[in-house]
Amino acid sequence: MNHFLDLHTTEKTALRSMIDKARAMKDARAGRPKGEADDEQPLAGHMVALIFEKPSTRTRVSFDVGVRQMGGQTMVLSGQDMQLGHGETIADTARVLSRYVDMIMIRTFDEAVLHEMAANASVPVINGLTDRTHPCQIMADVMTYEEHRGSIAGKNVVWMGDGNNVYASLLHAATQFGFNLTFCGPQQLDPDRDFMDEARAAGTNVRIERDPWKGVDGADLVVADTWVSMHDAQSSRERRHNMLRAYQVNDRLMQAANPDALFMHCLPAHREEEVTSSVMDGPQSVIFDEAENRLHAQKAVMRWCLGV
Ligand code: CP
Ligand code: NVA
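Okay, so let's go over this structure.

The rules we used
Sequence order as written defines the numbering, with residues in each chain counted from 1. Following the order in which they are written, the chains are lettered starting with A and the ligands numbered starting with 1. Only residues with pLDDT of 70 or above have their local features reported here, since the model is predicted, and side-chain atom pairs are shown and tallied only from 80 upward, although totals for entire chains, interfaces and linings are computed over all residues. The basis for every side-chain value is the complete set of heavy atoms in the structure, and neither hydrogens nor water enter the calculation. Strands are labelled as partners when DSSP assigns at least two bridges between them. By definition, any uninterrupted DSSP run of H or I lasting at least four residues is a helix, any uninterrupted run of E lasting at least two residues is a strand, and each is numbered from the N terminus. A fitted line through C-alpha atoms represents every axis, and for helices the fit uses only the stretch in contact; the resulting angles, taken between N-to-C directions, go from 0 to 180 degrees. The contact criterion used is simple: two residues touch if any of their non-hydrogen atoms lie within 4.5 Å. Categorising residues by exposure relies on relative accessible area from a 1.4 Å probe, with only protein chains included: less than 20% of the type maximum marks a residue as buried, more than 50% marks it as exposed, and the intermediate range marks it as partly exposed. Arc, as used here, means the arc of the directions from the helix axis to the C-beta atoms. Any angle that is under 35 degrees is reported as roughly parallel, and any over 145 degrees as roughly antiparallel; angles of 65 to 115 degrees are reported as roughly perpendicular and all others as oblique. For any pair of crossing helices, the crossing counts as left-handed if the nearer helix is rotated counterclockwise from the farther one by less than a right angle, and right-handed if it is rotated clockwise. Classification used: nonpolar for Ala, Val, Leu, Ile, Met, Phe, Trp, Tyr, Cys and Pro, charged for Asp, Glu, Lys and Arg, polar for all others including Gly. Working definition: residue near molecule or strand if any one of its non-hydrogen atoms lies within 4 Å of it. Here a polar contact is recorded for every N or O atom pair within 3.5 Å, except that within protein the pair must consist of a potential hydrogen donor and a potential acceptor, and residues adjacent in sequence are included only if both atoms are side-chain atoms. For the area figures, the Shrake-Rupley method with a 1.4 Å probe applies, and any residue is considered shielded solely by the protein chains shown. We define a nonpolar core as any set of buried Ala, Val, Leu, Ile, Met, Phe, Trp, Tyr and Cys residues linked to one another through side-chain atoms lying within 4.5 Å. Each salt bridge in this description consists of a side-chain nitrogen of Lys or Arg and a carboxyl oxygen of Asp or Glu lying within 4 Å of one another.

This part is about the sheet that holds strand 5 (residues 156-160). Within the open sheet, the 5 strands sit side by side as 7-6-5-8-9. Their pairing is parallel. Each edge of the open sheet is held by one strand with a lone partner, namely strand 7 (206-209) and strand 9 (262-265). Within the sheet, the average angular offset between the axes of one strand and its neighbour, ignoring direction, is 20 degrees. Note: strand 5 against strand 8 (residues 221-224), 4 bridges, orientation parallel. Note on strand 8: the bridge partner recorded for Trp-159 is Val-223. Across the sheet, helix 6 (residues 165-177) is in contact with strand 5, strand 6 (180-184), strand 7 and strand 8; its angle to strand 6 comes to roughly 155 degrees.

Here you go:
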């Protein structure tokens, strides 16, 4: 049984085979109606619980559709409506759910909740985002880059903005898939120090650059995310905006990257804040391919978890 908790704790070869499987599964159902079943039904007879303690559009819908296309069934649960939100321990919840379902996907705040769930579940647990990481998103992003430009190994990826959970998984991917990563943002919002040290110790080419113009020089891929994540206090909004304004991805900044550079954003985006509409809707943007690839990448993740 495999849990899918983070990219740095999952074997490199397993990650690569998941991306390749996702590509093959996407190709195999090209042009079909979304609700039509895949030819292969590896999740037939399987029940998957999708638990959300934070809002979601893409993760919720893509996991639900993905399970159904593979012949399984889902139940979407809100943490607040479960006893989990009213004092039942995570360990007990994990043991109980394991008696009913074959796999658990959870989106939560503290990553300790995810790890406790995995430690006590007897079925695979998937990280659907915590305050600290978002591995499913980055699997879709790697798949998307490679669909458009071929292997991501050796490419220059530049992150603009807050050193947040999505950045952390991108950093893990830099180590696992062998690309160079520049964090470009203000010092106050620097990435998790432990993750940076770990990546450097593993030989990853990761650097910090405060100047956005120097940051995008030579970039093959520019990535942005919201300036205020779901776990950030709303009271910090203005302060964060003031720190991050200089890192907005706009046409001028994209022109300073390599001519064939792509733009990615995990979405939801705040148009005219971290990125302009002209970039989001422009020729270098692959944001909706990223969103679609959540579906295909996660189907491969689920198959790996269940070994089917
Ligand atoms: N990118 C992403 O995880 O989107 P949702 O919050 O809508 O799931
Ligand atoms: N960094 C964002 C990603 C949302 C998918 C958040 O955690 O809110």
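Quick look at the environment of Val-301 now. Relative to the elements of secondary structure, Val-301 occurs in helix 12 (residues 287-306). Residues Val-301 and Leu-221, 80 residues apart in the sequence, show an inter-C-alpha distance of 24 Å. When residues no more than four places from it in sequence are discounted, the contact partners of Val-301 are Phe-4, Met-18 and Ile-126.

Those residues of helix 4 (residues 111-120) that sit buried are Glu-111, Val-113, Leu-114, Met-117 and Ala-118. One side of helix 4 holds all its buried residues, which, seen down the axis, span an arc of 155 degrees. Summarising the contacts, the buried residues of helix 4 are in contact with strand 1 (47-52), helix 3 (90-100), strand 3 (103-107) and strand 4 (125-127).

On to the packing of helix 5 (residues 135-149) against helix 12, then. It is the contact of helix 5 with helix 12, at a shortest axis distance of 8 Å, that shows an interaxial angle of 110 degrees. Viewed along their axes, helix 5 and helix 12 adopt a mutual orientation that is roughly perpendicular. Considering the relative orientation of helix 5 and helix 12, their crossing is right-handed. Here Cys-136, Gln-137, Met-139, Ala-140, Asp-141, Met-143, Thr-144, Glu-147 and His-148 of helix 5 lie close against helix 12, whose contacting residues are Asp-289, Glu-290, Asn-293, Arg-294, His-296, Ala-297 and Gln-298. Here the residues of the contact of helix 5 with helix 12 sort into 5 nonpolar, 6 polar and 5 charged.

This brings us to the site of ligand 2. Near ligand 2 you find Leu-129, Asn-164, Asn-165, Val-166, Asp-225, Thr-226, Ser-229, Met-230, Cys-266 and Leu-267, and these make up its full shell. Within the side chain of Asn-165, one N or O atom sits 2.8 Å away from an oxygen atom of ligand 2. In this structure, a nitrogen atom belonging to ligand 2 sits 2.7 Å away from a side-chain N or O atom of Asp-225. Computed on the free molecule, ligand 2 has an accessible area of 270 Å², of which 95% lies beneath the protein chains in the complex. Partitioning the shell around ligand 2 into residue classes produces 5 nonpolar, 4 polar and 1 charged.

Let's shift gears to the site of ligand 1. In the region of ligand 1, the neighbouring residues are Ser-56, Thr-57, Arg-58, Thr-59, Arg-107, His-134, Gln-137, Cys-266, Leu-267 and Arg-294. Arg-58 places a polar side-chain atom, nitrogen or oxygen, 2.8 Å from an oxygen atom of ligand 1. At a separation of 2.8 Å, a nitrogen atom of ligand 1 approaches a polar backbone atom of Leu-267. Class assignment of the residues belonging to the shell around ligand 1 gives a composition of 2 nonpolar, 5 polar and 3 charged.

The subject of this paragraph is the nonpolar core. Core analysis: the largest hydrophobic core is formed by 54 residues, its most contacted members being Phe-4, Ile-126, Met-139 and Phe-177. Per-element tally for this core: the top contributor is helix 6, with 8 residues. Those residues in contact with Ile-126 that lie beyond four places of it in its chain are Phe-4, Phe-63, Met-103, Ile-104, Met-105, Ile-106, Leu-114, Cys-136, Val-301, Met-302 and Cys-305. Core analysis: the second largest hydrophobic core is formed by 24 residues, Met-160, Ala-219, Met-243 and Ile-287 among them.

Here we come to the pattern of salt bridges. Summed over the entire model, instances satisfying the criterion amount to 21 salt bridges. Salt-bridge contacts for Arg-32 lead to Glu-36; the nearest nitrogen and oxygen are separated by 3.6 Å. A relative accessible area of 21% places Arg-32 in the partly exposed class. With a relative accessible area of 36%, Glu-36 lands in the partly exposed category. Across the salt bridge formed by Asp-38 and Lys-299, the nearest N and O atoms sit 2.8 Å from each other. Within this pair, whereas Asp-38 is found in the loop between helix 1 (12-28) and strand 1, its partner Lys-299 is found in helix 12, the two being separated by 261 residues in sequence. Residues participating in the shared-partner salt-bridge network are Arg-16, Asp-20 and Glu-146.

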